[in-house]
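Take a look at the letters that make up each chain.
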Amino acid sequence: MRRVDIPKADGGTRPLGIPTVADRIAQEVARRYLEPYLEPVFHTDSYGYRPGRSAIDAVRQARQRCWRYDWLLDIDVKGYFDSIDWELLLKAVRHHTNCVWVLLYIERWLKAAVQMEDGSVVPRTAGTPQGGVISPLLANLFLHYGFDAWMSRNYPHIPFERYADDAICHCKSAEEARALWSALQDRFAACKLVLHPEKTKIVYCKDANRRGDFPNQSFDFLGFTFRARKALGRGRRPFACFLPAASPKALTSISRTVRRWALHHRSDKSLQDLAAMYNPCIRGWINYYSHFYKTQLRPTLKRIDLYVTRWARRKFKRLRRKTKGHETGLIGYAE
């Protein structure tokens, strides 16, 4: 595989392992063979990389449960995709199939060396590389036995939502959350995984009906920040409700992307050209982040309107004397 590092929102990098075209095709064949056997087994609260399920489904379920449970344990596995133990993973695969060619190729893909950007070849000792077609299915299978099934056996009264290696467990008290944290550390150690010391935390879902105090009263999950927000109740009376909305990190990432587009310098393009180039991305942001508390997204999207206004003033002389953005008649076109 070829190693490619892509930037992360926190300033670090995420290593990807890019297979050859032939391997990508073969991995897709193996994935289509395995998925019908694994899908019926997977837990109903596992949402990542599964047909008919999405991140929005996980966020919606988490919102409902945050209203019913006062506390939660926000879980993150440190370097999950790079830490998966090969023998444990292959044992799980063998539990569901004895197909010789599937087992042979999966083992080869797991143990394939990585070619770095400088051309050097580096051997690997663990993990399933992000970037592989079959990696999400294998990662789900590993955590199904490492987390989902274990939770169902030992803590059936604690509901959770998991998307890949991000999971949140809803608890009735802080003591219950601390006990679960301690037990999960031992469980993940047995699976040769480590909980992220900074990203794993206990959160108090404080709102208008919950008293008391706690250092952590918000958390991020799949691009949304959950915290107390203003809502309107009966008679349109405002009150504090624990709700998700687009996270500050997500909004900052959108703003930086829009700034890199430099729309106001694309005077060689028509408005229809700009729409064809950028509307798919804008539409994706709107479709994803407007599911919950959509007003949080609007100020960031207004920046696109301002850039389109600047583009129009550069391109059309008759608009250069206009002082207000809405006078151009272009505001809102991109949205």
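Just so it is clear, the model here is predicted, and its values are computed rather than measured. As a convention, each chain's residues are numbered from 1 in the sequence order in which they are written. For this predicted model, a pLDDT threshold of at least 70 governs which residues receive local features, and a threshold of 80 or more governs which side-chain atom pairs are given and counted, while totals over whole chains, interfaces and linings are taken from all residues. Excluded from the side-chain calculations are hydrogens and water; all other atoms, namely the structure's heavy atoms, are used.

### Describing the packing of helix α8 (residues 248-261) against helix α10 (residues 298-315)
- Between α8 and α10, whose axes approach to 9 Å, the crossing angle comes to 10°. With respect to each other, α8 and α10 are oriented roughly parallel. Of the residues in α10, those touching α8 at Leu-251, Ile-254, Ser-255, Val-258 and Arg-259 are Thr-300, Arg-303, Ile-304 and Tyr-307. Between the N-to-C directions of two axes lies an angle of 0 to 180 degrees, each axis being a line fitted to C-alpha atoms and, for a helix, fitted only over the stretch in contact. Numbered from the N terminus, helices here are DSSP runs of H or I no shorter than four residues, and strands are runs of E no shorter than two. Any angle that falls under 35 degrees is termed roughly parallel, while one over 145 is termed roughly antiparallel, one within 65 to 115 roughly perpendicular, and all others oblique. Only heavy atoms matter for contacts: two residues are in contact if any of them lie within 4.5 Å across the pair.

### Some details on the packing of aromatic side chains
- Any two rings among Phe, Tyr and Trp, with Trp reduced to its six-membered ring, count as a pair given centres within 6.5 Å; such a pair is stacked if its planes are under 30 degrees apart, edge-to-face if over 60, and tilted if neither. This model, assessed by the stated rule, comprises 20 aromatic pairs.
- Aromatic pair Tyr-49 and Tyr-163: ring centres 5.6 Å apart, planes at 50°, arrangement tilted. With Tyr-49 in the loop between α1 (21-38) and α2 (55-68) and Tyr-163 in strand β6 (residues 160-163), the pair connects residues that are 114 residues apart, well separated along the chain.
- With 5.2 Å between their ring centres and 40° between their planes, Phe-224 and Tyr-288 make a pair best called tilted.

### Section: the pattern of salt bridges
- Basic side-chain nitrogens of Lys or Arg form a salt bridge, by our definition, when they fall within 4 Å of a carboxyl oxygen of Asp or Glu. For the structure on display, the rule yields 15 salt bridges.
- Linking Asp-70 and Arg-210 is a salt bridge whose minimum nitrogen-to-oxygen distance equals 2.7 Å. With a gap of 140 residues between them, Asp-70 in the loop between α2 and β3 (71-76) and Arg-210 in the loop between β8 (201-204) and β9 (219-221) connect regions that are remote in the sequence.
- You can call Arg-210 buried: its relative accessible area is 7%. Here the term buried applies to any residue with accessible area under 20% of the maximum for its type, exposed to any over 50%, and partly exposed to those in between, with areas from a 1.4 Å probe on protein chains only.

### Remarks on the side chain of Asp-45
- Looking at the element boundaries, Asp-45 is found in the loop between α1 and α2.
- Those residues within four positions of Asp-45 in sequence are excluded, and the remaining contacts are Gln-61, Arg-65, Phe-160, Glu-161 and Arg-162.

### Notes on the state of the cysteines
- Note that a disulfide, as used here, is simply two cysteine sulfur atoms within 2.5 Å. With the rule as written, the count across this model stands at 0 disulfides.
- Considering cysteine sulfurs only, Cys-66 is the nearest to Cys-241, which forms no disulfide, with 10 Å between them.
- In this structure Cys-241 comes out as buried when scored by relative accessible area, which is 12%.

### Let's talk about a positive patch on the surface
- The residues that make up patches have over 30% relative accessible area and no salt bridge, and they are joined within 9 Å when like-charged or within 5 Å when they are Val, Leu, Ile, Met, Phe, Trp or Tyr. Here, Shrake-Rupley sampling with a 1.4 Å probe gives the accessible areas, and only protein chains in the shown set may cover a residue. A positive count includes Lys and Arg, and a negative count includes Asp and Glu. His and the chain ends are not counted in either. The atoms used to mark charge sites are NZ of Lys, CZ of Arg, CG of Asp and CD of Glu. Together, Arg-256, Arg-259, Arg-260 and Arg-303 make up a region of like positive charge exposed at the surface.
- For the positive patch, the element with the highest residue contribution is α8, accounting for 3 residues.
- Positionally, Arg-256 belongs in helix α8.

### Observations regarding the packing of α8 against helix α9 (residues 271-289)
- As a packed pair, α8 and α9 sit with axes 12 Å apart at the nearest point and diverge in direction by 170°. Considered as vectors, α8 and α9 are oriented roughly antiparallel to each other. Of the residues in α9, those touching α8 at Ala-250, Ile-254, Thr-257, Val-258 and Trp-261 are Tyr-278, Cys-281, Ile-282, Trp-285 and Tyr-289.

### Things to note about the confidence of the model for the protein chain
- A residue's pLDDT is simply how confident the predictor is in it, with values from 0 to 100. On average, residues of the protein chain carry a pLDDT of 90, and 94% of them reach 70 or more.
- For the protein chain, the element scoring lowest by mean pLDDT is strand β2 (residues 13-18), at 84; β6 scores highest, at 97.
- Long-range and interchain partners of residues 325-335, a stretch whose pLDDT sits below 50, account for 25 contacts in this model, where long-range means more than four residues apart.

### With respect to the sheet that holds strand β11 (residues 238-246)
- In spatial order, the strands read β9-β10-β11; together these 3 strands make up an open sheet with antiparallel pairing. This sheet does not close on itself; its edge strands, each paired only once, are β9 and β11. Geometrically, the sheet is characterised by an average inter-axis angle of 50° between neighbouring strands, direction not taken into account.
- For β9 and strand β10 (residues 224-232), the ladder comprises 3 bridges, and the chain directions are antiparallel. Bridging from a neighbouring strand, Phe-219 pairs with Phe-226 of β10.
- Set on the sheet, α2 makes contact with β9, β10 and β11; between it and β11 the angle comes to about 155°. DSSP calls a pair of strands paired once it identifies at least 2 bridges connecting them.

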